[in-house]
Amino acid sequence: MRKLIAIAGILLFCSALILGQSNQAEYQKRIDAKSSISEKKAEVILIIKEIKSWEKRQEFTNQAIRFARQLSSQESLAHTLNEVGLIERKHKNFDGAFGYFKEALKIWEQKGDDLQIGRSNFLVGGTLKKMGDYQGALPYLLKSSESFGKVNDGKRQSQANSVIGETYSQLDQYKEASKFLNKCLNYREGIKDTLGIAKILLNLGDLYIKTERYLDGINALNKSAAYYELKNKFDGAANAQNNIGVIYYKQNNNNEALKYYLKALSYAEVKEITKAKIKNNMNLISIEDGKQDEALKRYIDLLKDDNIPKTQDLLASINFNIGNIHYQLGNYENAEYHYKEAEKISIETDNAELKLKTMRRMVDNYYFLKQPDSAVAYLDRLVMAEDERKEHYSNFTNFEIDKSTTQMLIAEQKQQRSLITMLLTLIGAIISVSLIGFYAYRQKSKRKMVEQEKQQKIETILKESENKTIRARLNGIDEERSRISKDLHDSVGMMLTSTKLHFEALSERLSDIEFNIRKRFD
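Residues numbered from 1 in each chain as written. Predicted model: local features only at pLDDT ≥ 70, side-chain atom pairs only at ≥ 80, totals over all residues. Heavy atoms only, no water.

K.L.:
Describe in detail the overall build of the protein chain, supporting the description with residues and values.
P.N.:
Within the protein chain, the secondary structure is distributed over 21 helices and 0 strands. Relative to its full complement of 522 residues, the protein chain shows a buried share of 36%. Pairs at least 24 residues apart make up 55% of the contacts formed inside the protein chain by residues separated by at least 6 positions. (Helix = DSSP H or I, 4+ residues; strand = E, 2+ residues; numbered from the N terminus. Buried < 20%, exposed > 50% of the residue type's maximum accessible area, 1.4 Å probe, protein only. Contact = heavy atoms within 4.5 Å.)

Rendered as structure tokens:
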């Protein structure tokens, strides 16, 4: 029997080898059929997308890059590197993708092309984020947003801001996360991108859960679910409803939480991983209801089911919850195993919140296992981790303190805005009235000046007329005087002349008479 199995294995290996060689020959024929280097390069990239084996992809990747270099175009090479990087990232080869993206970024930085610099930074940052290196991803993502802003590419900048917000949230820097997510939300609302709005609201809902702003979280998640339903994206709607259930569970309202979990499961076309998250949360309610054995069985089935894809965060959460059940049932050895698994994954994914929760549980668990040295060691680690977390939170302590008064601050801002609006309106009215009064005064002054000028002209005309009349009268009088004086001169002169002649005649007569009298007396 063993010989038959060995022979079958050898035959399968040989057939696979022959098939691989035939595929290789077929791929080479496809490449050779293309006439230009550019077409060959494009064909190679299409072939890379078809190949699942990393070794085979690598062989054709080198060929694609070689063709790109033959084109003597740095831009073509950079584009090729980015395309190959995206294929590698899709196949989960993050290290390879990171290397291709970084090489492309260097080329674009030398060229000074802001759009492509932004795109390459975004790809590098996104890859580091997928690798769990959130701190390393952040500078690239911020540069990406800045570069997109320089070329006024609002859509790509909004996308970068969304990923930056998610990254800050993973780093527990909630104030910065909220700022970038709200920037992105404003842009998406401006262009009426329904799916974009739904996704940002879902991220904001997660952020509000972490910062215990539960009312804001419920509002954001309800809107997110409605937008997802509008576009028939039921997996997104299920995630939003699941998160609302989480909020009610945190508020100890298990009935409401269960209602939203069931609603999330009722959607069609929900991904298995989403269903797994919802069932994980539902099991927590079963534990609180005293159904630990039932919940434990479901958790273990969920953990063993290979058909359900599980993220690292989900695996950590399941192990932590299984550990809690064993702890409640007094199975402290089993609890220790699952707590350690949860702690290991939380360290790998940099999930500080879950790591602290697990470490607290480990301290209590070791106490019941009567292992004081281990308990003390974990307690020391817990104190150090909490101190680090406090330092990490120092940048946004005010944000955490003010979260309960958010609505009041918004109301005060609205009131201040209304007061400012009223004040501006009043100032505007005063200015308008002043301008109208000033205009009226100017017009009145002008009219008064015109009337004064008219009056002055009239008075001037009257004076000139009067002066002319007086001058005419004076001229008439002078002429009359001249005439009278002339007449007097003429008449008096004649009279005097005649009088003189008369007196002369009279004098002669008197002389004759005197002579005669003297003559008589003589």
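Moving on from the model shown.
K.L.:
So what's going on with the pattern of salt bridges? Which residues, and what values?
P.N.:
Applying the stated criterion to the full structure yields 7 salt bridges. With its nearest N and O atoms 3.3 Å apart, the salt bridge here joins Glu166 to Lys129. Linking Glu166 in helix α8 (residues 154-170) with Lys129 in helix α6 (residues 114-130), this pair joins segments that are 37 residues apart in sequence. (Salt bridge = Lys/Arg side-chain N within 4 Å of Asp/Glu carboxyl O.)

K.L.:
Would you mind going over a nonpolar patch on the surface in detail, with residue names and values included?
P.N.:
Residues Ile420, Leu423, Leu424, Leu426, Ile427, Ile430, Ile431 and Leu435 make up a contiguous nonpolar surface patch of about 770 Å² in total accessible area. Within the secondary structure, Ile420 is located in helix α21 (residues 406-521). Residue classification places Ile420 among the partly exposed positions, given a relative accessible area of 47%. (Patch = residues over 30% accessible without salt bridge, like charges linked within 9 Å, V, L, I, M, F, W, Y side chains within 5 Å. Areas by Shrake-Rupley, 256 points an atom, 1.4 Å probe, with all protein chains shown as cover.)

K.L.:
Which residues make up the packing of aromatic side chains, and what values do they have?
P.N.:
With the rule as written, the count across this model stands at 7 aromatic pairs. With a centroid separation of 5.8 Å and an interplanar angle of 25°, the aromatic rings of Tyr168 and Phe180 are classed as stacked. Remark: Phe180 occurs in helix α9 (residues 174-190) and Tyr168 occurs in helix α8; sequence separation between them is 12 residues. The pair Tyr168 / Phe180 is uniform in exposure class, with both members buried. Linked through ring pairs, Tyr327, Tyr332 and Phe368 together constitute an aromatic cluster. (Phe/Tyr/Trp six-rings, centres within 6.5 Å; stacked < 30°, edge-to-face > 60°.)

K.L.:
Provide a residue-level description of helix α10 (residues 194-210), including the pertinent values.
P.N.:
In an α-helix, one turn spans 3.6 residues; hence positions three or four apart end up facing the same way. Here α10 spans 25 Å end to end across 17 residues, near enough to the 24 Å set by a 1.5 Å rise per residue. By the criterion of burial, α10 is predominantly enclosed, with 13 of the 17 residues buried. Just past α10, the residue Glu212 takes up positive phi, approximately 60°. (Expected span 1.5 Å × (residues − 1).)

K.L.:
Account for the environment of Lys155, with residues named and values stated.
P.N.:
With respect to the helices, strands and loops of the structure, Lys155 is situated in helix α8. Sequence separation between Lys155 and Ile191 is 36 residues; the distance between their C-alpha atoms is 9.2 Å. If we skip the residues at most four places from it in the chain, Lys155 touches Tyr187 and Arg188.

K.L.:
Describe in detail the packing of helix α16 (residues 312-329) against helix α17 (residues 332-348), supporting the description with residues and values.
P.N.:
Where α16 meets α17, the axes come as close as 8 Å, and the angle between the chain directions of the two elements is 160°. Regarding the angle of α16 to α17, the classification is roughly antiparallel. Once α16 is placed against α17, the crossing between them reads as left-handed. Between α16 and α17, the contacting residues are Gln312, Leu315, Ala316, Asn319, Phe320, Ile322, Gly323, Asn324, His326 and Tyr327 on the first element and Tyr332, Asn334, Ala335, His338, Tyr339, Glu341, Ala342, Ile345 and Glu348 on the second. Of the residues contributing to the contact of α16 with α17, the split by class is 10 nonpolar, 7 polar and 2 charged. (Axes fitted to C-alpha atoms, helices over the stretch in contact; angles between N-to-C directions. Parallel < 35°, antiparallel > 145°, perpendicular 65-115°, else oblique. Left-handed = near helix turned anticlockwise from the far one by under 90°. Nonpolar A, V, L, I, M, F, W, Y, C, P; charged D, E, K, R; others polar.)

K.L.:
Give me the packing of helix α15 (residues 292-304) against α16: which residues, what numbers.
P.N.:
Running from N to C, α15 and α16 cross one another at 150°; their axes reach a closest spacing of 10 Å. Compared by their axis directions, α15 and α16 come out roughly antiparallel. Relative to α16, α15 is oriented so that their crossing is left-handed. Here Gln292, Asp293, Ala295, Leu296, Tyr299, Ile300, Leu302 and Leu303 of α15 lie close against α16, whose contacting residues are Leu315, Ile318, Asn319, Asn321, Ile322, Ile325, His326, Gln328 and Leu329. When its residues are assigned to classes, the contact of α15 with α16 shows 11 nonpolar, 5 polar and 1 charged.

K.L.:
I'd like to hear about unusual backbone geometry, residue by residue, with values.
P.N.:
Leaving glycine out, the prevailing phi sign among residues is negative, and the prevailing peptide bond configuration is trans. The backbone of Asn152 shows a phi angle near 55°, a positive value even though the residue is not glycine. For Asn152, the location among the structural elements is in the loop between α7 (134-150) and α8. Of note, Asn232 is a non-glycine position whose phi angle comes to about 60°, a positive value. Inspection of the secondary structure puts Asn232 in the loop between α11 (214-230) and α12 (234-250).

K.L.:
How would you summarise the confidence of the model for the protein chain if you had to cite specific residues and measurements?
P.N.:
Summary statistics for the protein chain give a mean pLDDT of 76 and a share of 78% for residues scoring 70 or more. The element-level mean pLDDT for the protein chain is lowest in helix α20 (residues 397-402), coming to 38, with α11 highest at 91. With pLDDT under 50 throughout, residues 1-22 is counted as low confidence; its partners more than four residues away or in other chains account for 0 contacts. Counted against residues more than four places away or in other chains, residues 392-410, with its pLDDT under 50, gives 22 contacts. (pLDDT = per-residue confidence, 0-100.)

K.L.:
With reference to specific residues and values, describe the environment of Asp114.
P.N.:
Along the chain, Asp114 falls in helix α6. In this structure Asp114 comes out as partly exposed when scored by relative accessible area, which is 27%. Those residues within four positions of Asp114 in sequence are excluded, and the remaining contacts are Ser147, Lys150 and Val151.

K.L.:
So what's going on with the side chain of Ser147? Residues and values would help.
P.N.:
Relative to the helices and strands, Ser147 is located in helix α7. Excluding residues within four positions of it along the chain, Ser147 makes contact with Asp114, Ile117 and Gly118.

K.L.:
Lay out α9 with the relevant residues and their values.
P.N.:
Look at α9: 24 Å from first C-alpha to last across 17 residues, which is about the 24 Å you get at 1.5 Å a residue. Those residues of α9 lying buried are Tyr174, Ala177, Ser178, Phe180, Leu181, Cys184, Leu185 and Arg188. Of the residues flanking the end of α9, it is Lys192, one or two places downstream, whose phi is positive at about 60°.

K.L.:
Quick one: what's the story with the side chain of Asn203, residue by residue and with numbers?
P.N.:
With respect to the helices, strands and loops of the structure, Asn203 is situated in helix α10. Setting aside its immediate chain neighbours within four residues, Asn203 contacts Ser162, Glu166 and Leu181.

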